[in-house]
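Residue-level structure breakdown
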Amino acid sequence: RPFDAAEDTAILVGIWFEASLKAHAFIGQERLLEQKELIEQKYLPMAETWVACRGDQPVGFISLLDSFVGGIFVSPECQGQGVGRKLIAFALERKGELALDVYSENEQAFRFYLSLGFEEISRRPFDDEGLPFELTHLRLTEAQFKR
């Protein structure tokens, strides 16, 4: 379902934070806490965000900037249950092709994206804030998607 800022912001920021602590531990909790504020105040409001729910409870979300996946996060207790795959399939159906950047050190996410058919386009040694965390740029078309 579409993101509802009034209802979803706190819940999605919580999902983002818990999933990031697990997936991005190499960044450090202090930096994640700084990013948490940006997620809430800047990134969620500016993106096209879709929420995956179990019943009425949000369990994950995908935020799109046109066909670029600005973020996809699934609650740690729901990971490995197909939520992320369904979010990617939903976004791909809407956009026709997707691109994203993933921390190269985030091996679980990297493997997940490759298993869906994403192809590596490029790497850069620094993240968007100029810190030394390598990012890999990936792309997926409908023809590449492994359902």
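What this report covers is the structure whose coordinates are included nearby.

Here the focus is unusual backbone geometry. Even without glycine at this site, Asp66 takes up a positive phi of about 60°. The topology assignment puts Asp66 in the loop between strand S2 (57-65) and strand S3 (68-74). Exposure remark for Asp66: the relative accessible area of 59% places this residue in the exposed category.

Quick look at the packing of aromatic side chains now. Going through the model one piece at a time under the given rule, you end up with nine aromatic pairs. With a centroid separation of 6.2 Å and 40° between ring planes, the pair formed by Trp16 and Phe17 is classed as tilted. Each member of the pair, Trp16 as well as Phe17, carries the same accessibility label: buried. On the basis of an interplanar angle of 50° and a centroid distance of 5.9 Å, the ring pair of Phe26 and Phe133 is categorised as tilted. On the criterion of sequence distance, the pair formed by Phe26 in the loop between helix H1 (5-23) and helix H2 (29-46) and Phe133 in the loop between strand S5 (119-124) and strand S6 (135-141) is long-range, its members being 107 residues apart. An aromatic cluster is present here, built from Trp16, Phe17, Phe61 and Phe73 joined pairwise through their rings.

What counts and what doesn't
- Residues numbered from 1 in each chain as written.
- Predicted model: local features only at pLDDT ≥ 70, side-chain atom pairs only at ≥ 80, totals over all residues.
- Heavy atoms only, no water.
- Helix = DSSP H or I, 4+ residues; strand = E, 2+ residues; numbered from the N terminus.
- Buried < 20%, exposed > 50% of the residue type's maximum accessible area, 1.4 Å probe, protein only.
- Phe/Tyr/Trp six-rings, centres within 6.5 Å; stacked < 30°, edge-to-face > 60°.

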